[in-house]
Amino acid sequence: MNRVTVIGSANIDFVVELPRRPDAGETLLGSDLRRFAGGKGANQAAAAARMGAETSFSGCVGADENGSFVCSQLAESGVDVSGVIRVDRPTGTALVLVTPDGENSIVVSPGANHALDVEFAEKKGDEWVDADMVVLNLESPLRAVEHIAAMAAHRGIRLLLNAAPAEQLSAETLALCDPLIVNEHEARVLLGDEGASSFAAVAQRFLDRGVRSVVITLGAAGAVFGDSTGIATVPAFAVDVVDTTGAGDAFVGATASELARGCGLREAVAFASAVAALSVQSVGAQSSYPNRREVRDFLDR
Ligand code: RIB
């Protein structure tokens, strides 16, 4: 138990801190440029590994220095990166603007991440037959993501799908999610115009659409989660926020780790909330992730 495979994106993040977001046509001066390992898939893998899961990452980076940096950072977090291939495109790059409230605006140039296609999924499929949990997000081409979801189902492997950035998913793929993890905005995109009176009602709509379990992350308002046994809320931890970049990925990776080790959804979501709370207290995505002992200390304080 506790083998997690993340198949997805890896980016290099270039981060500038700014007093506020620029308007159209405006130039603003910010902090010194900083470089971090990022990308939703890589971040989620780093978080799962730091929580103690035996974690592997499959994805595509460029044959450039940024690709080497991203792989070495993942390996430092304890992730097996033997499933990464180097392709003839630049490593995915994210331009991240962080404002004093800790919020971020991100633009991604996917580059090498585009090479994660159905052919890649088929070629690398043998590398994760033993996984207890497969983690996917939507920063990779949708056709490949849905293909891998179906491969996981065929093998009887539990699927955690983080629908970020938001895109419509087929009914077949939705029905394989256990859990589907979305934030408020992603929930709105996936459900279309259907309004709901509360986040519990939003969770119920996902369950009605066939997802096996669902988690809706609400930032400072905590998280709502549900499955066939019911719907409940876990509160967030009150902390000083420096940078929220990658906090959602920390939550996803930690949830995967806890579910793979056999925890129930409530326990996994509560633990992942603590991991996310720790991750927002310093700059960067993977660079801000705690290890398991730090999470335990935080929960015991
Ligand atoms: O979720 C945060 C991540 O989104 C960043 O690390 C950036 O690379 C983008 O993929």
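All values reported here derive from a predicted model rather than from experimental measurement.

Novice: Describe the environment of A45, naming the residues involved and giving the relevant values.
Specialist: Residue placement: A45 occurs in helix α1 (residues 40-50). With a relative accessible area of 0%, A45 lands in the buried category. Taking the C-alpha atoms as reference, A45 lies 12 Å from G248; in sequence the two are 203 residues apart. Those residues in contact with A45, other than ones at most four positions away along the chain, are V6, T55, F57, L74 and V79.

Novice: Account for the sheet that holds strand β5 (residues 80-87), with residues named and values stated.
Specialist: Judged by pairing direction, the sheet is mixed, and its 9 strands sit side by side in the order β5-β4-β1-β8-β9-β10-β11-β12-β13 without closing on themselves. In this open sheet, the two edge strands, each paired with only one partner strand, are β5 and β13 (230-234). Here the strands of the sheet are splayed against their neighbours by 15° on average, with no regard to which way each runs. Pairing of strand β10 (residues 177-183) with strand β11 (residues 213-217) involves 4 bridges; the strand directions are parallel. By the bridge assignment for β11, I181 is matched with V215. Against the sheet, α1 touches β1 (3-7), β4 (54-62), β8 (133-137) and β9 (158-162), its axis set at about 160° to β4. In this fold helix α2 (residues 65-76) packs onto β4 and β5, with an angle of close to 175° to the strand it touches most, β5.

Novice: Give a detailed account of the site of the ligand, specifying residues and quantitative values.
Specialist: Looking at the ligand, the residues that line it are N11, D13, G38, G39, K40, N43, A94, I106, V108, E139, G246 and D249. Protein contact buries 96% of the 280 Å² of open area that the ligand shows by itself. Across the shell around the ligand, the residue classes break down as 3 nonpolar, 5 polar and 4 charged.

Novice: Can you explain unusual backbone geometry? Please cite residues and give values.
Specialist: Looking along the chain, the bond that leaves A164 and enters P165 is cis, with omega of -10°. Mapped onto the elements, P165 comes out in the loop between β9 and α5 (171-174). Residue D178 is joined to P179 through a cis peptide bond whose omega torsion reads 15°. Among the structural elements, P179 can be located in strand β10.

Novice: Quick rundown of the state of the cysteines? Include the residues and the values.
Specialist: By the definition in use, this model includes 0 disulfides. Just so you know, C60 is unpaired, no disulfide at all, and the nearest cysteine sulfur is the one on C71, 11 Å from it. Look at C71 and you get buried, because its relative accessible area is 14%.

Novice: Explain the pairing of strand β12 (residues 223-227) to me, and be specific about the residues and the numbers.
Specialist: Side-chain direction in a regular strand flips from residue to residue, so the side chains alternate between the two faces of the sheet. Summarising burial for β12: 4 of the 5 residues are buried, a large majority. Direction of pairing for β11 relative to β12: antiparallel, over a ladder of 5 bridges. Across the sheet, the residue bridging to I216 is V224, located in β12. What sits between the antiparallel neighbours β11 and β12 is a turn of 5 residues, in which G219 has the positive phi angle 60°. Summarising the sheet, β12 and β13 pair through 5 bridges and their orientation is antiparallel. Looking across to β13, one finds that V224 is bridged to T233. Hairpin connection from β12 to β13: 2 residues lie between these consecutive antiparallel strands.

Novice: Account for the packing of helix α6 (residues 184-191) against helix α7 (residues 199-208), with residues named and values stated.
Specialist: Across the interface, α6 lies against α7 with an axial gap of 11 Å and an inter-helix angle of 45°. On the basis of their axis angle, the class for α6 and α7 is oblique. As α6 packs across α7, the resulting crossing turns out to be left-handed. For the pair α6 and α7, contact is made by E184, A187, L190 and L191 and by F199, V202, R205 and F206, respectively.

Novice: Give a description of the sheet that holds strand β7 (residues 104-109) that names residues and reports values.
Specialist: Strands in a sheet are paired, the pairing made by backbone hydrogen bonds, and the direction either parallel or antiparallel. The strand order across the open sheet formed by 4 strands is β3-β2-β6-β7, and the pairing between neighbours is mixed. The open sheet has two edge strands with one neighbour each: β3 (34-38) and β7. On average, each strand axis in the sheet is inclined to that of its neighbour by 25°, with strand direction left out of account. Across the face of the sheet, α2 comes into contact with β2 (11-17) and β3 while running at roughly 60° to β3.

Novice: Tell me about the pairing of β4, and please be specific about residues and values.
Specialist: In terms of residue burial, β4 counts as a mostly covered element, since 8 of its 9 residues are buried. Of the strand pairs in this sheet, β1 and β4 are connected by 5 bridges, and their pairing is parallel. Bridge pairing in β4 links R3 to E54. Taken together, β4, α2 and β5 constitute a β-α-β crossover, and its handedness is right-handed.

The rules we used
- Residues numbered from 1 in each chain as written.
- Predicted model: local features only at pLDDT ≥ 70, side-chain atom pairs only at ≥ 80, totals over all residues.
- Heavy atoms only, no water.
- Helix = DSSP H or I, 4+ residues; strand = E, 2+ residues; numbered from the N terminus.
- Buried < 20%, exposed > 50% of the residue type's maximum accessible area, 1.4 Å probe, protein only.
- Contact = heavy atoms within 4.5 Å.
- Pairing = 2+ DSSP bridges.
- Axes fitted to C-alpha atoms, helices over the stretch in contact; angles between N-to-C directions.
- Near = heavy atom within 4 Å.
- Areas by Shrake-Rupley, 256 points an atom, 1.4 Å probe, with all protein chains shown as cover.
- Nonpolar A, V, L, I, M, F, W, Y, C, P; charged D, E, K, R; others polar.
- Disulfide = S-S within 2.5 Å.
- Parallel < 35°, antiparallel > 145°, perpendicular 65-115°, else oblique.
- Left-handed = near helix turned anticlockwise from the far one by under 90°.
- Right-handed = clockwise from strand over helix to strand, strands pointing away.

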